[in-house]
Amino acid sequence: MCILLMGPAVASVAPFQSVIAIEKLGFGNAIYAFVVTAGALFSVLASVVIGIVVDQTQRYRAILLACICVGIVAGFLMALWPTAAAFVVVHMVLFPIAATTFTQYFALAAVAADRNPQLNKDVGLSLVRAGFAGTFAITPPLWALALARGADLLAVYWTLAVANVLVLGVVFWMWPKDTGDGGGGSGLTFGEAVREVVAPAVLIRLGLITAVTSANGLYNILLGLLVVTRLGGQESDIGWFSGGVAMVELPVMLGGALLLRRVSRVSVILGGAVIYAISFAALAVVPSMAAAWWLILPFGFGAGIILSVPVGYIQSLVEHRPGAGSSLISMSHFGGTLVASGLFAGFAEGIGYGGVAVVGAALSLGAAVLLFVLEGGRVRPREA
């Protein structure tokens, strides 16, 4: 329920964020990239701290409530005061804290799978991720209809604020008070927990996954800008395209989880990265919006894999530490945003939005190949 309610909040803002900042509020490319980069960096730090504290204290519910409240403040601040200053505060400080709720849901899903041997963790995590994708399939098209009828684009923040209020109610009234794993805490000091997360074997693999998924972070930055500045599309087209991609992601995420019973995670990730990279590069060179619509199917197929399968892979890097695992997921997600914003800041002025998309696609594909080699080029899962 939390994922299904939180989804519209994120899906209302994410596809339009760059257009709001650059086209509505007058940010330059470099300033916007700085805001996104700083916010992503703060998100990484916040997610690590919160993940460790969750493992130490097992206070899932209290920490979740606090982070949701931050999201409520962020949504109403931007809705009531839609200025450049508010955008900076919201997207650099408040959203990064509120966004940790997303990975906390994965932490609890991992706890549930650990406590019930009849649950397959990969399938369970993919179902949670698919629920989130489902809201992306519905929300942006609804905004496309609203924008086509003259709605103000900045109204997306009202949806975000209200959705967070609803999530707060669900967690407060329905979330189990005892959601620990029965172990009474990790037993690690803060320093020991940090060293576990930043172990070289973990960081190398996490860095490669981060580079793979950075293509999606770059897609979130560039989609709206490519549509309105290069492909001749309208603001409403952003919503339709984003929703279409998410609609394709749904069955792919579910099917990908079942595929993992026969094929290794890294093989599936490599296949998804190949498809996504080709689609992203194609979006950069197609001549018009009419041609871009044909990319929805391969885009969604690739995205469905690189957004869901890495979740289980990352969780497996720190088994039996659901909070730390969730912090690694956040590190990967926001690290990908950090890489994406760095590429945008470094190359947008020189090679244009399309050129940045090609560079991001190449980086993602290269990282997937390196990850596959690092894991020994294994095609079959370890269990086999």
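Residues numbered from 1 in each chain as written. Predicted model: local features only at pLDDT ≥ 70, side-chain atom pairs only at ≥ 80, totals over all residues. Heavy atoms only, no water.

1. Remarks on the environment of Val162
- Take Val162: it is sitting in helix α8 (residues 156–174).
- The partly exposed category is assigned to Val162, whose relative accessible area is 44%.
- In this structure the C-alpha to C-alpha distance between Val162 and Phe76, which are 86 residues apart in sequence, comes to 8.5 Å. (Helix = DSSP H or I, 4+ residues; strand = E, 2+ residues; numbered from the N terminus. Buried < 20%, exposed > 50% of the residue type's maximum accessible area, 1.4 Å probe, protein only.)

2. Concerning a nonpolar patch on the surface
- A grouping of Ile138, Leu142, Leu145, Trp240 and Trp293 is seen on the molecular surface, where their side chains present a nonpolar patch of about 490 Å² in accessible area.
- When residues in the nonpolar patch are grouped by element, the largest group, 3 residues, is from helix α7 (residues 121–148).
- Here Trp293 lies in the loop between α13 (289–292) and α14 (296–306). (Patch = residues over 30% accessible without salt bridge, like charges linked within 9 Å, V, L, I, M, F, W, Y side chains within 5 Å. Areas by Shrake-Rupley, 256 points an atom, 1.4 Å probe, with all protein chains shown as cover. Salt bridge = Lys/Arg side-chain N within 4 Å of Asp/Glu carboxyl O.)

3. Examining the environment of Val10
- Tracing the sequence through the fold places Val10 in helix α1 (residues 2–13).
- Taking C-alpha positions, Val10 is 9.0 Å from Ala99, a pair spaced 89 residues apart along the chain.
- Non-local contacts of Val10, meaning those with residues more than four positions away in its chain, are made with Pro15, Phe132 and Phe136. (Contact = heavy atoms within 4.5 Å.)

4. Here's the deal with the nonpolar core
- By size, the foremost hydrophobic cluster in this structure holds 129 residues, and its most contacted members are Tyr157, Phe241, Phe280 and Phe344.
- The residues contacting Phe280, other than those within four sequence positions of it, are Ala215, Leu218, Tyr219, Leu222, Phe299, Ala357 and Ala361. (Core = buried A, V, L, I, M, F, W, Y, C linked by side-chain atoms within 4.5 Å.)

5. Looking at the side chain of Thr101
- Within the secondary structure layout, Thr101 lies in helix α6 (residues 100–115).
- Here the side chain of Thr101 touches Ala98 through a polar contact of 2.9 Å, landing on its backbone oxygen. (Polar contact = N/O pair within 3.5 Å; in protein donor to acceptor, adjacent residues only side chain to side chain.)

6. Regarding the confidence of the model for the protein chain
- Within the protein chain, residue pLDDT values average 84, and 90% of them lie at 70 or more.
- Within the model, pLDDT remains below 50 along residues 179–183, and this stretch shows 10 contacts once partners closer than five positions in the same chain are excluded. (pLDDT = per-residue confidence, 0-100.)

7. Regarding the packing of aromatic side chains
- Counted under the stated rule, the structure contains 13 aromatic pairs.
- The interplanar angle of 90° and the centroid separation of 6.3 Å between the aromatic rings of Tyr32 and Phe344 together place this pair among those described as edge-to-face. One end of the pair, Tyr32, is in helix α3 (residues 29–57); the other, Phe344, is in helix α16 (residues 322–374), with 312 residues separating them in the sequence.
- For Phe344, a relative accessible area of 1% corresponds to the buried category.
- Both rings, one in Tyr276 and one in Phe299, keep their centres 5.1 Å apart while their planes meet at 85°; by these two values the pair is edge-to-face. Residue Tyr276 is located in helix α12 (residues 265–285), and its partner Phe299 is located in helix α14; the two are separated by 23 residues in the primary sequence. Here Tyr276 and Phe299 have matching classes, each one buried.
- Linked through ring pairs, Tyr219, Phe241, Tyr276, Phe280, Trp293 and Phe299 together constitute an aromatic cluster. (Phe/Tyr/Trp six-rings, centres within 6.5 Å; stacked < 30°, edge-to-face > 60°.)

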